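Coordinate inspection notes
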Amino acid sequence: MTTFVELRGVVKDYPMGQTVFRALRGVDLAVAEGQFLAITGPSGSGKSTLLHLMGALHRPTQGQIIFEGVDLATLSADELAHLRNSKIGFVFQQFHLLPRITAWENVALPMAYARVRPAVRKERALAALARVGLGDFAYHRPNQLSGGQQQRVAIARALVNNPKLLLADEPTGNLDTQSGREIVELFSSLHKEGHTVVIVTHEPEIAAVAQRIVVLRDGLIQEERHGLR
Ligand SMILES: Nc1ncnc2c1ncn2[C@@H]1O[C@H](COP(=O)(O)OP(=O)(O)O)[C@@H](O)[C@H]1O
Ligand SMILES: [Mg+2]
C-alpha cells in the first residue's frame, strides 16, 4: 500500500482580530494510493480546512504535507498551482460553474491552464461529460440543468485533466437524496477505475459508501471506522 498524500502533525490557524483560531490542532493522516476515504464530523470541526490543505490550496501553520513523497513546503506557488492543476480534481458543494457558458465550455476550462492544445479541448470535454452520463447535455447552460446534473458537470471538469486525486467538499450538500446517491455512486465508480477519492460529508449515509471513514471533532481526528467498500 503506497501512501499517496500524508499529513504529519498538521496545525492550521486562522487570524481572528488580535488572536488566532486553531482550526486543526495536530492532524496525522495518510491516504493510500487508490483509497476511497470519507472525512466526516460536525460543522466547524475542520473538514474543509483539512481538504484544502490536502489539495495544496492552503499551507499549514505547522506540520508537513507530503504529496507523492514531496514535502509541499519545498514547492513554490507556481509549482503548487501546477500540481493542483495536473494531479488534483476539486468538487465543491456549490458547483461553481460559470453561468454564461455551456457545459462543455465549463468542463474545458482547466485545460486552458494546463496548456492543452485548443484543438483537443472540446473532444476531451465531451468525453468527460459522457463519462458522467451527460453526453446529451454538452450545449446546455448551467441554469438549464438540474442540481444533480450541474454537479456532474463539475465532476467532469474535475476529471478532465485526468487527476489521480479527487477531492470533494460536501458534494451532495445541495442535492436531493436521490441525486446525492447518484453522485456518490459516481465517485464510487471513479474510485474503482483507480482514482484516489476523498469526500467530505456530514451525512453518515454518504460516508458509509467509502472504504475508510475518519471522524473529525474540534480540529482533531476523533475516531476511524471502516466503510462498506
Ligand atoms: N478563513 C477563515 N477565517 C477564520 N476562521 C475560519 C476560516 N475558515 C474556517 N474558519 C473556522 O475554522 C473552523 C473550521 O472550519 P471548516 O474547516 O470550514 O470546518 P467544517 O468544514 O468542518 O465545517 C470553523 O470554526 C470556522 O469558523
Ligand atoms: Mg466545510
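Going by the structure above, here's the rest.
Structural notes, computed from the coordinates. (Residues numbered from 1 in each chain as written. Chains lettered and ligands numbered in written order. Predicted model: local features only at pLDDT ≥ 70, side-chain atom pairs only at ≥ 80, totals over all residues.)

1. Focus on the overall build of the protein chain
Within the protein chain, the regular secondary structure consists of 7 helices and 10 strands. Looking at the protein chain as a whole, 41% of its 229 residues are labelled buried. (Helix = DSSP H or I, 4+ residues; strand = E, 2+ residues; numbered from the N terminus. Buried ≥ 20, exposed ≤ 12 C-beta atoms within 10 Å, placed from the backbone.)

2. What about the site of ligand 1?
Every residue close to ligand 1 is listed here: Tyr 14, Met 16, Phe 21, Ala 23, Gly 41, Ser 43, Gly 44, Ser 45, Gly 46, Lys 47, Ser 48 and Thr 49. The set of elements that each furnish at least two residues to the shell around ligand 1 consists of strand 1 (3-16), strand 2 (19-32) and helix 1 (47-54). The element that contributes the greatest number of residues to the shell around ligand 1 is helix 1, accounting for 3 residues. Of the residues assigned to the shell around ligand 1, the class counts are 4 nonpolar, 7 polar and 1 charged. (Near = placed C-beta within 6 Å. Nonpolar A, V, L, I, M, F, W, Y, C, P; charged D, E, K, R; others polar.)

3. Some words on the nonpolar core
With 62 residues, the main nonpolar core has Ile 39, Met 54, Val 107, Leu 129, Ala 156, Leu 167 and Val 198 as its most contacted residues. In terms of residues, this core owes the most to one element, helix 5 (residues 147-159), which gives 6 residues. If near-sequence neighbours (up to four positions away) are discounted, Val 198 is found in contact with Val 31, Leu 37, Ile 39, Leu 51, Met 54 and Leu 167. (Core = buried A, V, L, I, M, F, W, Y, C linked by C-beta atoms within 7 Å. Contact = placed C-beta atoms within 7 Å.)

4. Here's the deal with the packing of helix 3 (residues 103-113) against helix 5
The relative placement of two packed helices comes down to the angle between their axes together with the axis-to-axis distance. Their axes nearest at 7 Å, the elements helix 3 and helix 5 cross at an angle of 30°. The pairing of helix 3 with helix 5 is recorded here as roughly parallel in orientation. Here helix 3 and helix 5 pass one another in a crossing that is right-handed. Here Ala 103, Asn 106, Val 107, Leu 109 and Pro 110 of helix 3 come into contact with helix 5, specifically with Val 153, Ala 156 and Arg 157. Partitioned by chemical class, the residues of the contact of helix 3 with helix 5 number 6 nonpolar, 1 polar and 1 charged. (Axes fitted to C-alpha atoms, helices over the stretch in contact; angles between N-to-C directions. Parallel < 35°, antiparallel > 145°, perpendicular 65-115°, else oblique. Left-handed = near helix turned anticlockwise from the far one by under 90°.)

5. Description of the sheet that holds strand 6 (residues 88-91)
For sheets, the rule is that strands pair by backbone hydrogen bonds, running either parallel or antiparallel. Strand order in the open sheet formed by 6 strands is 6-7-8-3-9-10, and the pairing between neighbours is mixed. Edge positions in the open sheet fall to strand 6 and strand 10 (220-226), since each of these has one partner strand only. Along the sheet, successive strands turn relative to each other by an average axial angle of 15°, direction set aside. Pairing analysis gives 6 bridges linking strand 9 (residues 212-217) to strand 10, with the strands arranged antiparallel. Paired with Val 215 across the bridge in strand 10 is Glu 223. Taken strand by strand, helix 6 (residues 177-192) contacts strand 3 (36-40), strand 7 (165-169) and strand 8 (196-200), and its axis lies near 155° from that of strand 8. (Pairing = 2+ DSSP bridges.)

6. A look at the pairing of strand 4 (residues 62-67)
Of the pairings in the sheet, the one linking strand 1 to strand 4 comprises 5 bridges and is antiparallel in character. Each bridged residue has a counterpart across the sheet, and for Arg 8 the counterpart in strand 4 is Gln 64. Where strand 4 meets strand 5 (residues 70-71), 2 bridges bridge the pair, whose relative direction is antiparallel. Residue pairing for strand 5: Ile 66 is matched across the bridge by Asp 71. The turn linking strand 4 back onto strand 5 is made up of 2 residues, and Glu 68 within it adopts a positive phi angle of 45°.

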